[in-house]
Amino acid sequence: MNIAEELHFDLTAPATHLVRRTDKLNIIAVGLLRDLLLQKHKTLLPTMLTVIEGSIEFHINGEKFELTRFDTHEIPVNVEHEVLGLDHENIFILTQEK
């Protein structure tokens, strides 16, 4: 499977693709076009974000981080955060532990 081919980029909403779900793990691919925002939300599971293409701006706890290809960031449970696409096409993976 090619993750980039599974994502259907949209000008109005993030593209998502469930890569794998097991009883211990979720792996989700997310695609954002430039200036598209994955709006503020919280996760109920410990999550590791890994950028695999492009660059994003990650906002959490009043801070912002620019993450580029192969950068990672841990997302804590129940903390509001949002993500902004910076390049033409941006792809990141969310790995969630159950």
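Residues numbered from 1 in each chain as written. Predicted model: local features only at pLDDT ≥ 70, side-chain atom pairs only at ≥ 80, totals over all residues. Heavy atoms only, no water.

Run through the sheet that holds strand 3 (residues 37-41), naming residues and quoting values.
Backbone-to-backbone hydrogen bonds join strands into a sheet, with any given pair of strands oriented parallel or antiparallel. Ordered by their spatial adjacency, four strands build an open sheet running 3-8-5-6, and the pairing between neighbours is antiparallel. The open sheet has two edge strands, strand 3 and strand 6 (63-68), and neither has a second partner. Adjacent strand axes in the sheet meet at a mean angle of 15°, parallel and antiparallel pairs treated alike. Two elements, strand 5 (residues 55-60) and strand 6, share six bridges in a ladder whose sense is antiparallel. Its bridge partner being in strand 6, Ile-60 is matched across the sheet by Glu-63. (Pairing = 2+ DSSP bridges. Helix = DSSP H or I, 4+ residues; strand = E, 2+ residues; numbered from the N terminus. Axes fitted to C-alpha atoms, helices over the stretch in contact; angles between N-to-C directions.)

Could you give me a rundown of the nonpolar core, with the residues and numbers involved?
Ranked by internal contacts, the top residues of the largest apolar core, which has 16 residues, are Leu-49, Ile-56, Phe-58, Val-83, Phe-92 and Leu-94. Elements represented by at least two residues in this core include exactly strand 2 (25-33), strand 4 (47-53), strand 5 and strand 9 (89-97). In this structure, Phe-92 is in contact with Ile-28, Ala-29, Val-30, Leu-32, Leu-38, Leu-49, Thr-50, Val-51, Ile-52, Ile-56 and Val-83, ignoring residues within four places of it in sequence. Counting residues in each nonpolar core, the second largest holds five residues, with Leu-7, Ala-15, Ile-91 and Ile-93 among its members. (Core = buried A, V, L, I, M, F, W, Y, C linked by side-chain atoms within 4.5 Å. Buried < 20%, exposed > 50% of the residue type's maximum accessible area, 1.4 Å probe, protein only. Contact = heavy atoms within 4.5 Å.)

Outline the sheet that holds strand 2, supporting the account with residue identities and numerical values.
If you walk across this open sheet you meet the five strands as 1-2-9-4-7, and the pairing is antiparallel. Since the sheet does not close on itself, it has two edges, and those belong to strand 1 (15-21) and strand 7 (72-75), each with one partner. Averaged over all adjacent pairs, the angle separating strand axes in this sheet is 20°, with direction ignored. Two elements, strand 1 and strand 2, share six bridges in a ladder whose sense is antiparallel. Bridged to Arg-20 within strand 2 is Ile-27.

So yeah, pure geometry; function would need other evidence.
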